[in-house]
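Remarks on the overall topology
What follows is each chain in one-letter form.
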Amino acid sequence: MLNFKLSPTMSAMAKDRHRWRLALGPIGSGKTSAVYLTLLAQALEQPVHNGVRRSRCMVIRNTRAQLKDSVIKTMCGVTPPDGVNVVYKEAELSMLVRLIGSDGVPAEILFMFRSLEDEQDTQRLLSVELTWVWISEFSEVDLKIAKAAVSRCGRFPAIAMGGCTHYGLIAESNFPVKDSPWYDFIEVARPENVAVFKQPSALSAEAENIENLPPGYYEDLIEGADPRWLQSYVICEYPDSLLGKTVFANFNTKAHCGRNLKPIMIGADSPPLVIG
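Basis of the calculations
Residues numbered from 1 in each chain as written. Predicted model: local features only at pLDDT ≥ 70, side-chain atom pairs only at ≥ 80, totals over all residues. Heavy atoms only, no water. Helix = DSSP H or I, 4+ residues; strand = E, 2+ residues; numbered from the N terminus. Buried < 20%, exposed > 50% of the residue type's maximum accessible area, 1.4 Å probe, protein only. Contact = heavy atoms within 4.5 Å. Areas by Shrake-Rupley, 256 points an atom, 1.4 Å probe, with all protein chains shown as cover. Polar contact = N/O pair within 3.5 Å; in protein donor to acceptor, adjacent residues only side chain to side chain. Phe/Tyr/Trp six-rings, centres within 6.5 Å; stacked < 30°, edge-to-face > 60°. 1 Å grid on protein atoms, 1.4 Å probe; cavity = no way out; pocket = protein on both sides within 12 Å on 5 of 7 lines; lining within 4 Å. Points joined across faces, edges and corners; volume = space filled by probe spheres on them. Core = buried A, V, L, I, M, F, W, Y, C linked by side-chain atoms within 4.5 Å. Disulfide = S-S within 2.5 Å. Salt bridge = Lys/Arg side-chain N within 4 Å of Asp/Glu carboxyl O.

Here we look at the overall build of the protein chain
- The secondary structure content of the protein chain amounts to nine helices and 11 strands.
- Taking all 276 residues of the protein chain together, the buried fraction comes to 43%.
- Restricting to contacts in the protein chain with at least 6 residues of sequence separation, those with at least 24 account for 69%.
- Surface exposure of the protein chain reaches about 15,200 Å², of which carbon and sulfur atoms provide 54%.

See below:
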């Protein structure tokens, strides 16, 4: 049986049943742990087949190193592998978790970890029958991949095994950049089957998961931090896009360029190239 308490925002997400569930929040707010616990709880809701409730989840992040250093590390901290109830196989990058529901019926949920480091990785995502897809730091993943991955959900357990009680995509991230595909998907043209859950600013009185962080955690992050980084990772706002902006935001022609500038002449005759 599971016994845990989620923050208000993540609790609302856990109770929701939209096909897409997206959580946005600051760094250190407990999003990854909350998504993992939510999936464990929902594994106990799947139909019984041959005496067991079975489900399958693919966990996606951009690189294998990010999966190991972040997502898998967090999951193993919540449910330490013991070789029986929690079986982690590093070679296969998978974790099988066995649970017992309040009704005494056992449940098994298989987590398969997949990175997106090459085209073959992406193709493998689209050949698996799943209950859920979990995208960690979804703002770093192509929205097209997320949409394709959702098409694999609801395929396990199969109808012959009782089908899925609930299925779909669940994901967490810091706030994406304005005018990005994810921003438009969430704020401009959000489909009806998409629910978004936004945690409050880490600097507000309503900040979540503070009790599990060192004193002054966010105050230390603020010192010398880039304003756009703070917007996304601490304040919970969409940072402005840098498209069309100067590479160096503080560049000033009068201050950084000399006087009496002359045009540069470039001559090319493939090759060579002459500049003078």
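Here we look at the side chain of Ser136
- Here Ser136 shows up in strand E7 (residues 132-136).
- Looking at Ser136, its side chain comes within polar contact range of the side chain of Glu172, at 2.8 Å.
- In this structure, Ser136 is in contact with Ile60, Arg61, Val71 and Glu172, ignoring residues within four places of it in sequence.

Considerations on the packing of aromatic side chains
- Scanning the model with the defined rule gives eight aromatic pairs in all.
- Look at Trp20 and Phe185: their rings are 5.0 Å apart centre to centre, the planes differ by 50°, and that puts the pair in the tilted class. Of the two residues, Trp20 is situated in strand E1 (residues 20-24) and Phe185 in helix H6 (residues 181-188); the sequence distance between them amounts to 165 residues.
- Since its relative accessible area comes to 8%, Phe185 is described here as buried.
- Measuring from ring centre to ring centre gives 5.4 Å for Tyr36 and Phe111, while their planes differ by 65°; the resulting arrangement is edge-to-face. Here Phe111 lies in strand E6 (residues 106-114) and Tyr36 lies in helix H2 (residues 31-43), a separation of 75 residues in the sequence. For the pair formed by Tyr36 and Phe111, the shared burial category is buried.
- In textbook terms, an aromatic cluster arises when at least three aromatic residues are bridged by ring pairs, as seen for Trp20, Phe138, Trp182 and Phe185.

Let's talk about the layout of surface pockets
- Put simply, the largest pocket is a space of about 640 Å³.
- Around the largest pocket, the lining comprises 27 residues; the ones closest to its centre are Gly28, Ser29, Gly30, Lys31 and Asn209.
- At the level of secondary structure, the elements contributing two or more residues to the lining of the largest pocket comprise helix H1 (8-15), H2 and helix H3 (64-78).
- Counting residues per element, the lining of the largest pocket draws most heavily on H2, which supplies five residues.

Description of the nonpolar core
- If you look at the biggest cluster of nonpolar residues, it comprises 33 residues, and the most contacted ones within it are Leu39, Val97, Phe111, Phe113 and Trp134.
- Looking at this core, the element that brings in the most residues is H2, giving seven residues.
- Setting aside its immediate chain neighbours within four residues, Phe111 contacts Tyr36, Leu39, Leu40, Cys57, Val59, Met75, Leu93, Ser94, Met95 and Val97.

Looking at the state of the cysteines
- Scanning the entire structure with this criterion turns up zero disulfides.
- Of all cysteine sulfurs in the structure, the one in Cys57 sits closest to Cys153, which takes part in no disulfide; the separation is 7.9 Å.
- When its relative accessible area of 7% is taken as the criterion, Cys153 is described as buried.
- The thiol of Cys164 is not disulfide-bonded; the next cysteine sulfur, from Cys153, is found 8.7 Å away.

As for the pattern of salt bridges
- One pass over the full model with this rule turns up six salt bridges.
- Arg17 is the partner of Glu45 in a salt bridge, and the nearest nitrogen-oxygen pair spans 3.0 Å. Separated by 28 residues along the polypeptide, Glu45 in the loop between H2 and strand E2 (48-49) and Arg17 in the loop between H1 and E1 bring together distant segments of the chain.
- Judged by relative accessible area, which is 36%, Arg17 ranks as partly exposed.
- With its nearest N and O atoms 3.1 Å apart, the salt bridge here joins Asp240 to Lys178. Of the two residues, Asp240 sits in the loop between helix H8 (227-235) and helix H9 (253-256) while Lys178 sits in the loop between strand E8 (168-173) and H6, which places them 62 residues apart along the sequence.
- The exposure class of Asp240 is partly exposed, given its relative accessible area of 38%.
- Of the residues examined, Lys178 reaches a relative accessible area of 31% and is grouped as partly exposed.

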